[in-house]
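What the coordinates show
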Amino acid sequence: MAVKKVLFVCWANAIRSQMAEGFARAYGADVLIAQSAGLVPTNMLAPLTRETMLARNISLENQFAKGLDALDPERFDIVVNLSGQPLTIRNVPATRDGVLLEWKVKDPVGSPAADYERAAREIEALVMKLILDLRNKKI
């Protein structure tokens with residue numbers, strides 16, 4: 001089974017794309033290599049992002065906020081847009097197959113922990129569907 005390179009993109013690379021990368025690394029290492037980036041990256045992950053993921057036994061210890069320009073100029077098989085902003089393949093590193101997925105998950109920035117939990121549940125379900133689709137060769 002070919003391993004796919006997947007890039008998760010959100011606004012600041014501090015919450016949603018980091019959660020997606022964490023779930024993907026924890027659950028789908030057999031079918032994907034995950035990275036994340038932000039359109040306008042912050043300088044750190046939101047503390048509630050780390051706490052929310054640790055509550056699920058997923059450490060984001062080696063993950064850090066970065067922009068698209070910090071990525072190697074490699075090509076991705078799949079780009080997942082969580083930013084809420086319109087993206088095209090021209091906005092992000094080129095993909096081999098041109099697969100661009102749009103996931104609409106509300107950004108919990110500045111919200112209480114319950115909103116981070118809601119976002120994590122939604123993202124976890126979306127990542128699991130992506131992993132299953134990859135395992136079943138639907139993508």
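This write-up is about the structure you can find in this document.

What follows is about the pairing of strand E3 (residues 76-81). Among the 6 residues of E3, 6 are classified as buried, and the element is accordingly described as predominantly covered. Pairing between strand E1 (residues 4-10) and E3: 4 bridges, direction parallel. Along E3, the bridge assignment pairs valine 9 with asparagine 81.

You will see that asparagine 13, though not glycine, has its phi angle at about 60°, which is positive. Along the chain, asparagine 13 falls in the loop between E1 and helix H1 (16-27). For asparagine 13, a relative accessible area of 0% translates into the label buried. At asparagine 57, a residue that is not glycine, the phi angle is positive and equals roughly 65°. Relative to the helices and strands, asparagine 57 is located in the loop between helix H2 (47-54) and E3. Residue classification places asparagine 57 among the exposed residues on the basis of a relative accessible area of 72%.

About the criteria used
- Residues numbered from 1 in each chain as written.
- Predicted model: local features only at pLDDT ≥ 70, side-chain atom pairs only at ≥ 80, totals over all residues.
- Heavy atoms only, no water.
- Buried < 20%, exposed > 50% of the residue type's maximum accessible area, 1.4 Å probe, protein only.
- Helix = DSSP H or I, 4+ residues; strand = E, 2+ residues; numbered from the N terminus.
- Pairing = 2+ DSSP bridges.

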